[in-house]
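# Reading the structure
One letter stands for each residue in the lines below.
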Amino acid sequence: MMYPSPLEHNQQQSGVPGSGLKRILFRAMFLVLAVYIACIFAIGQTWRISNTSEQPMSPAVGAVHAHQSASTQSPQPSSSTYAPLANQVSGQNQSINAYIDHMTQTQKIGQLLMLPVYTNGYNSALNQPLQQWDIANVIIFTQYGGALMPSTQSGLAQLGHDLQAHANQRLIVATDDEGGTVDRLAPYYGSTPSPGSLAATGNTQQVYAQARQDAQRLLANGINANFAPLVDVYQGGAIGQSRMFGSTPGDVIKYAGAFLDGLQQNGVQGTLKHWPGLGSASANPDNSLATITHSQSQLNSTDFAPFRALLSHQPGMIMTTHVMVPAYDSSKPASLSPVLINQVLRGQLGYQGVVVTDQMEAGGLLQSMQKQGYSDPSQAIAEATVQAILAGNDIVECPMAPDRLAAVVNAVTSAVQSGRISQDRLNQSVQRILALKARMGLISLS
């Protein structure tokens, strides 16, 4: 028996020729339409979900985005890239505060003081400042108006080791190794070029190489910080031109920057000096009270320029000096001036690192304190030290004479105990110093 095809069967059932074919076509069209609607719905859902976290782009932005996506350049960092850095800084601050919580008041005060050392080797006279007073920083002088001490390079290395070994707190061990006329290592290794001579080569790589060699020699002798480079812009002042890297801000930035990098990228912290600039000083502050007569505009465009530009190199320290700058403060030298340190250096330039003073036995500082009525040098230096801390300095380079050093320690201790130097002010400097020492690998904050 022959059975009809499905089409013939449907035609027979409907009684209308071709009606079965139309029904099949209708159902097929309906199925296609249903699939299309489902796809549109799915696409709409995906668009809605994606836009809960991302605003729709305008055609112009979309074009830029498409260009960037197709570009071979590295992608721009998103805001989330910086979150870990903020967390890291916050975490370090918490660690520093926890570290401070376990420090005695004597230890905190000791962090703010720098002991001058001029000796042929470690001796018992150093025990009191390093152990009883907990002084936590030293500066080594190899010649200080007398014979070379230590007399040999091996003796210098032993001294650097012994200072760390005997101190209660980990030490910043500094010296002045500028090159040229101020070079503490010259008696052991031979003279090195002055900043002026280095700049005259016109070769920043050579400047960097010299600083790298200096850093290697310093570290070999236990010295981890250098009071260099000078970033004073020479303008005919009383300080020798050879000690400076140039007579324009551009040259100083270029060559002093290379020198700073050569030190710090090879394990020694550098120091920008002498804030706020000695290029036009009428005298050397070591000998007498100098004055900078520049206007604020001149200072900002010339004297401050290298300091400002080199902050991006993250200098370990900046050194203040004893010079009058009437355009900003007519009553106090820069080293004792809250205006020049807190308002200008920290506030306007934005430097938040360690500020260290020049030597406190300098003739310029003593003359300034005489104007305040302090004729006795010990009392003058002691009071100046308290004022220096209140002005915003973090580390004070103490006097060498034992009686003057004792007067400084007593004055700072009394100022803290009386509240003249508040705990907040004390802790502020300790935080900066500990952050630097952690960066140097001297202490662990974990």
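The preceding data block contains the structure.
An account of the accompanying structure is given in this report. (Residues numbered from 1 in each chain as written. Predicted model: local features only at pLDDT ≥ 70, side-chain atom pairs only at ≥ 80, totals over all residues. Heavy atoms only, no water.)

## Brief notes about the sheet that holds strand 2 (residues 137-140)
On the basis of which strands lie adjacent, the open sheet formed by five strands has the order 6-3-2-1-12 and parallel pairing. Each having just a single partner strand, strand 6 (225-226) and strand 12 (396-397) make up the two edges of the open sheet. Relative to strand 12, strand 1 (residues 113-117) runs parallel, the two being bridged by two bridges. Paired with Leu 113 across the strands is Val 396, a residue of strand 12. The strands touched by helix 7 (residues 153-166) are strand 1, strand 2 and strand 3 (172-175); relative to strand 2, the strand with the most contacts, the crossing angle is about 170°. (Pairing = 2+ DSSP bridges. Helix = DSSP H or I, 4+ residues; strand = E, 2+ residues; numbered from the N terminus. Contact = heavy atoms within 4.5 Å. Axes fitted to C-alpha atoms, helices over the stretch in contact; angles between N-to-C directions.)

## Remarks on helix 18 (residues 423-440)
For an α-helix, 3.6 residues make a turn, and residues three or four places apart therefore share a direction. In this model helix 18 runs 25 Å from its N-terminal to its C-terminal C-alpha over 18 residues, within 8% of the 26 Å that 1.5 Å per residue would give. Among the residues of helix 18, those classed as buried are Arg 425, Leu 426, Asn 427, Ser 429, Val 430, Arg 432, Ile 433, Leu 434, Leu 436, Lys 437 and Met 440. Phi turns positive one or two residues past the end of helix 18, at Gly 441, with a value near 80°. (Expected span 1.5 Å × (residues − 1). Buried < 20%, exposed > 50% of the residue type's maximum accessible area, 1.4 Å probe, protein only.)

## Observations regarding the packing of helix 15 (residues 363-371) against helix 16 (residues 377-391)
Running from N to C, helix 15 and helix 16 cross one another at 90°; their axes reach a closest spacing of 10 Å. It follows from the interaxial angle that helix 15 and helix 16 lie roughly perpendicular. Along its contact with helix 15, which presents Leu 365, Leu 366 and Met 369, the element helix 16 presents Pro 377, Ala 380, Ile 381, Glu 383, Ala 384 and Gln 387. Looking at the contact of helix 15 with helix 16 residue by residue, the class counts come to seven nonpolar, one polar and one charged. (Parallel < 35°, antiparallel > 145°, perpendicular 65-115°, else oblique. Nonpolar A, V, L, I, M, F, W, Y, C, P; charged D, E, K, R; others polar.)

## Some details on empty space enclosed by the protein
Applying the stated criterion to the full structure yields two cavities of 30 Å³ or more. Reported here for the largest cavity is a volume of approximately 40 Å³. If you go around the largest cavity, the residues you meet are Pro 116, Phe 141, Tyr 144, Gln 359, Glu 361, Glu 397, Cys 398, Pro 399 and Met 400. Here the lining of the largest cavity is composed, by residue class, of six nonpolar, one polar and two charged. Here the second largest cavity is characterised by a volume of approximately 30 Å³. Per-class residue counts for the lining of the second largest cavity are two nonpolar, two polar and four charged. (1 Å grid on protein atoms, 1.4 Å probe; cavity = no way out; pocket = protein on both sides within 12 Å on 5 of 7 lines; lining within 4 Å. Points joined across faces, edges and corners; volume = space filled by probe spheres on them.)

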